[in-house]
Amino acid sequence: MRRRALLAAAAALAAPAALATEPSEILTDPALEVRARAIGRTLRCVVCQNQAIDDSTAEVARDMRRAVRERLVAGDSDPAVYAFMVARYGDYVLLKPPFKAGTWALWLGAPAVLAVAAVALFVAARRRARSPAPAAPVLSDAERQRVASLLASGRDPAPER
Amino acid sequence: MSTRWLYLLPLATLGIVAGFFAWSLTSDRNPASIGSALVGRPAPTLNAAPLREGETAVTDASLRGRPVVVNFFASWCAPCQLEHPILMRLAEREGATVVGIAYKNKPADALAFLKRLGDPYKHAGLDPDGKIAIDWGLSGVPETYVIDARGIVRLHFRGPISERDVKDSILPALKAGS
Amino acid sequence: MIPELGHFALILALCVALVQGTVPLYGAARGEPALMALGRMAALAQLALVGVAFAALTHAYLTSDFTVANVVANSHSAKPMLYKFTGVWGNHEGSMLLWTLILALFGAAVAAFGENLPETLRARVLAIQALLGVGFLAFLLFTSNPFERVFPPPADGNGLNPLLQDPGLAFHPPLLYLGYVGFSVAYAFAVAALIEGRVDAAWARWVRPWTLAAWCFLTLGIALGSWWAYYILGWGGFWFWDPVENASLMPWLAGTALLHSAIVVEKRDALKSWTVLLAILAFSLSLLGTFLVRSGVLTSVHAFAQDPARGLYILAFLLAVTGGGLGLYAWRAPALKPGGLFQPVSREGGLILNNLLLSTLAVAVLLGTLYPLFLDLLTGEKVSVGPPFFNATFVPICAPLFAALCVGPFLSWKRSDLWPALRRLQIAFAVSVAAALIAAFAIDGRSTLAAIAFGFGVWLILGTLAGALDRVAGGAGAMQRLRRLPRAFIGMSIAHAGLGVVVLGCVGAGAWNLEAMRAMKHGDRMSFAGYEFTLRGVEEVPGPNWIAERATLEVTRGGAPFTTLRPERRLFTVQRRLIAETAIQTNLVRDLYATLGESDGQGAWVVRLYFNPLAPWIWLGAAFCALGGFVSLTDRRLRVGAPSRRRTVLPPAAQPAE
């Protein structure tokens, strides 16, 4: 922890508020540059907090951007560039976590909750529709009177209050 | 009906989440740690220009045959000064082979740094633009790797190593790796 | 002397909160009016005491009293007055005190405006509110005392993080806390109702205004935070899915669901236990956010100085509050009688769908935020969950939500028909599809998703308009009907359309933005997005506690002068930190956005330009949402504490002779 703080302080003094991706880094081939930017937006700067290397001013982020561009210029496909980074920094470097055993729960958790809840609601609705038993509850005398008076006055029993 | 357990579901979820939080707070887990992808895998290739004049380049050959400690450092990095005496002892007293890579450092500055604090490095190379660092999955300096005789990365420390790291993990790894 | 007064006031407030948290509860259980009445007095006293403490800390900041450790750590004598003031809550201790103050404020508001509440319910709500206060006051006093002294006092303070020296700090945290803490009232009502074992339409009507008010503040707070990030971080991003942003989004989602489900309780006496659960969860998720920011279990740009002891305390508190509420829920909620029956296709059905999807969204955010922590602890594997993940999981769930949002208001209660509603929406639907197609082919060929999202934004606005027109138009008396529209309906329409505006803004700024960067020398000209930018110079400008390099960028359009942008780089002298100050020219439809980068030492400066179409709509739309909430609040039926139980059930004319 302490080292990170020192590093951050050192970086702040050495390369202060440098911009994220800089003009000197831009590739001459616009198609490659578009790919590089797209990849840069999905790789995590390893010393920052939840920042993509494309947006980060950290030195190591700049080096990683350069590495991405070197791989692209060398003819690597996008998956190959990701593989290159994962081999060095692990899955941590991917802002979009891979779909693997350890992340199934992450990827499928919310859809699973949605599916289970939807099925449960559906079943409950069906059950309710099939069993008419509670549909005719016994009315108390007061309620009976109220029904009578409502019917007499011809009002909708569920008015906008 | 037996839907009563459903009402316990939120409480159970809270229990699980809170359990994780308590676990995290009481363990010595460092939330900023990013881990290492290299441990257990062959060390990345190394080809660094020599730091000291007249020496040959630092290459994979410099790492083979015996367990080595690879240390990335820079003269401008304060924590590197902090850990430097430990590296010195590791090299001098324990006889470990330590390889140093000067990260984004002018050779003159790095040499002055070593002259001032001592030079623990059997081989010393230069990484002027941080390219080697990316290959080694570096996030900053200092970082230290222990590589066994067959070239497999055994340990990877991000940040300065301590006496305790030396005693508890680096020396045993060096011994086991030979 | 004054800091000790503040400290003393906090201790007194804790004592008062202890009394307020126990005696009225006992009184309500035993039916003793005198003991119950104590709650109101105590709530007002608590506000006064916490107010004194807050004033004392503010005094210490404004006078730069460097005998107070908190002031030393977070202030500096050369800081502008505004930031001396806002610096009070720009740190852990002070922000906790602000949180406690707002909690006391809401407690006092319930005491002051809750005249129509039944005595026992009011006593219980105030007592629970006070128990929450006990937790925060004890936290302040025992782990985070803002009034701690230092001796000898240093000559000057360490200053405030330059990123926080911004007008944003004046509004963002207070609004956010008004939202977070406002949900505590909903929580207190939920727990009180569980104790009483009674949830009915009247209960829902009491809870809704508080929830709505909190929701409006939270909406504004989140939007302001996003806007702040947009102009300070210097690359045009507006939402980063940072854990702390997520932590504010989760209670917002739960609160939004609560607003809607409370309507069902109010109108149809259904969804009762679910609504109570949401009320507990909305506040619990607010507390979770506090825990995440202050405990250090996750890393985030927003994190305060972290301390494991504090983390354990907040965790224990979180567990007590949430666990207490949910335990009570598990025990008492099954006894709540299920209410009115309805068909799946009905207003109730629509609102259930709304709740289902909003809850799923909250689950998606929760999982994404906490998963790296879970996985790390269980397996030691490190993963990151960033924007691409949320774009892939969160956004698709929004689609059915947005699609259904316009249809729901057309459905009638209990039993309805889908076709008439859809028929009345066909024009809105056709225009939205056309908009999506135009967006796909004319504006942007790159992203189909953005075009679809754009269509959804248009749909939300037009579909809502169609709903409003449907209520008004058709034959004579349209004006009269317009005037007679309930405020709640007008508010809903504004908020729903506002959401559409937000969506359009997000698509524009997120997917259709243009970017250019270049190293420019004096006199260099760059054409970008239909404008020409000329660098007229970079000069050094002194500020109160910074020195800035300020560029002058002349912007022309077709040769005619258009505007001048002056982006800066400020070096804060105390912290030796550089902060980029962006220059933004907006016409409310698009932003021209410029930042100044480094110089190469040979007279060239890196200049970054962005053209962000529709970007202002993100925050404008959010403001509409909040405005809709406030309009709805003015509805007679929703006024705080408006109805009393049972009085409104029958119109007097139909009262049967008893």
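Note that the coordinates shown come from a computational prediction; the quantities given were computed from them, not determined experimentally.

1. As for the interface of chain B and chain C
- In this assembly, 22 residues from chain B lie in contact with 30 residues from chain C.
- Taken together, the two surfaces of chain B and chain C that pack against each other cover about 2300 Å², and 80% of this comes from carbon and sulfur.
- A per-residue breakdown of the area chain B buries against chain C is headed by B:Tyr7, B:Phe21 and B:Leu25, which together make up 32% of the total.
- Connecting chain B to chain C are 1 residue pair in polar contact (both at pLDDT 80 or more).
- Here the side of chain B that touches chain C is composed, by residue class, of 15 nonpolar, 5 polar and 2 charged.

2. Looking at the sheet that holds strand β5 (residues 123-127) of chain B
All names here are of chain B.
- Spatial ordering of the open sheet is given by β2-β1-β5-β4-β3-β6-β7, a layout of 7 strands whose pairing is mixed. Sheet topology places β2 (58-59) and β7 (153-158) at the edges, where each strand pairs with a single neighbour.
- As judged from the 2 bridges shared by strand β1 (residues 47-50) and β5, these two strands associate in the antiparallel manner. The partner of Ala49 across the bridge, within β5, is Leu126.

3. Examining the confidence of the model for chain C
Residue and element names in this part refer to chain C.
- On average, chain C scores 87 in pLDDT, and the residues at 70 or more come to 95%.
- For chain C, helix α17 (residues 478-484) is the element with the lowest average pLDDT, namely 81, and helix α19 (residues 615-633) is the one with the highest, namely 94.
- Long-range and interchain partners of residues 646-658, a stretch whose pLDDT sits below 50, account for 7 contacts in this model, where long-range means more than four residues apart.
- For this predicted complex, the interface score ipTM comes out at 0.87, alongside a pTM of 0.89.

4. Observations concerning the sheet that holds strand β10 (residues 604-613) of chain C
Residues and elements named next belong to chain C.
- Sheet architecture is open: 4 strands sit in the order β1-β10-β9-β8, paired in antiparallel fashion. Of all strands in the sheet, those with a lone pairing partner are β1 (514-521) and β8 (583-586), marking the two edges. In this sheet, neighbouring strand axes are inclined to one another by 20° on average, regardless of whether the strands run parallel or antiparallel.
- Against the sheet, helix α8 (residues 201-232) contacts β8, β9 (590-599) and β10, and its axis sits at roughly 45° relative to β9.
- The sheet contacts of α19 involve β8, β9 and β10, and relative to β9 the element is tilted by about 120°.

5. Some words on the side chain of C:Thr100
Residue and element names in this part refer to chain C.
- Tracing the backbone through its elements, the reader meets Thr100 in helix α5 (residues 92-113).
- Reaching out from Thr100, the side chain makes a polar contact with the backbone oxygen of Met96 at a distance of 2.8 Å.
- Excluding anything up to four places from it in sequence, Thr100 contacts Val50, Phe136, Leu137 and Leu140.

6. Topic: helix α2 (residues 33-62) of chain C
- With 30 residues, α2(C) ought to run about 44 Å at 1.5 Å a step, and its terminal C-alpha atoms sit 44 Å apart, in line with that.
- After α2(C) finishes, the residue C:Ser64 shows a positive phi value of roughly 50°.

7. Some details on the pairing of strand β6 (residues 143-147) of chain B
Residue and element names in this part refer to chain B.
- Buried residues dominate β6, accounting for 5 of its 5 residues.
- Across the two faces of β6 the burial is the same, with Glu143, Tyr145 and Ile147 and Thr144 and Val146 all buried.
- As paired strands, β6 and β7 are joined by 5 bridges and run antiparallel to one another. Across the sheet, the residue bridging to Val146 is Leu155, located in β7.
- Adjacent in sequence and paired antiparallel, β6 and β7 are bridged by 5 residues, among which Gly151 carries a positive phi angle near 90°.

8. Regarding the state of the cysteines
- What the rule picks out here adds up to 2 disulfides over all chains.
- The side chain of A:Cys45 participates in a disulfide bridge whose partner is A:Cys48; the two sulfur atoms lie 2.0 Å from each other. Negative torsions about the S-S bond denote left-handed disulfides, and the value of about 65° found for A:Cys45 with A:Cys48 makes this one right-handed. There is no split in this pair, since A:Cys45 and A:Cys48 are both buried.
- Put simply, B:Cys77 and B:Cys80 are joined by a disulfide, and their sulfur atoms are 2.1 Å apart. Its S-S torsion of about 90° marks the bond between B:Cys77 and B:Cys80 as right-handed, since a negative value means left-handed. In this structure, B:Cys77 and B:Cys80 share a single accessibility class: buried.
- Not part of a disulfide, C:Cys406 finds its nearest cysteine sulfur in C:Cys625, a span of 13 Å.
- Among the residues examined, C:Cys406 registers a relative accessible area of 2% and is labelled buried.
- For the unlinked cysteine C:Cys506, the closest cysteine sulfur is that of C:Cys398, found at 9.7 Å.

Procedures and definitions
- Residues numbered from 1 in each chain as written.
- Chains lettered and ligands numbered in written order.
- Predicted model: local features only at pLDDT ≥ 70, side-chain atom pairs only at ≥ 80, totals over all residues.
- Heavy atoms only, no water.
- Contact = heavy atoms within 4.5 Å.
- Buried area = accessible area lost by both parts, 1.4 Å probe.
- Polar contact = N/O pair within 3.5 Å; in protein donor to acceptor, adjacent residues only side chain to side chain.
- Nonpolar A, V, L, I, M, F, W, Y, C, P; charged D, E, K, R; others polar.
- Pairing = 2+ DSSP bridges.
- Helix = DSSP H or I, 4+ residues; strand = E, 2+ residues; numbered from the N terminus.
- pLDDT = per-residue confidence, 0-100.
- Axes fitted to C-alpha atoms, helices over the stretch in contact; angles between N-to-C directions.
- Expected span 1.5 Å × (residues − 1).
- Buried < 20%, exposed > 50% of the residue type's maximum accessible area, 1.4 Å probe, protein only.
- Disulfide = S-S within 2.5 Å.

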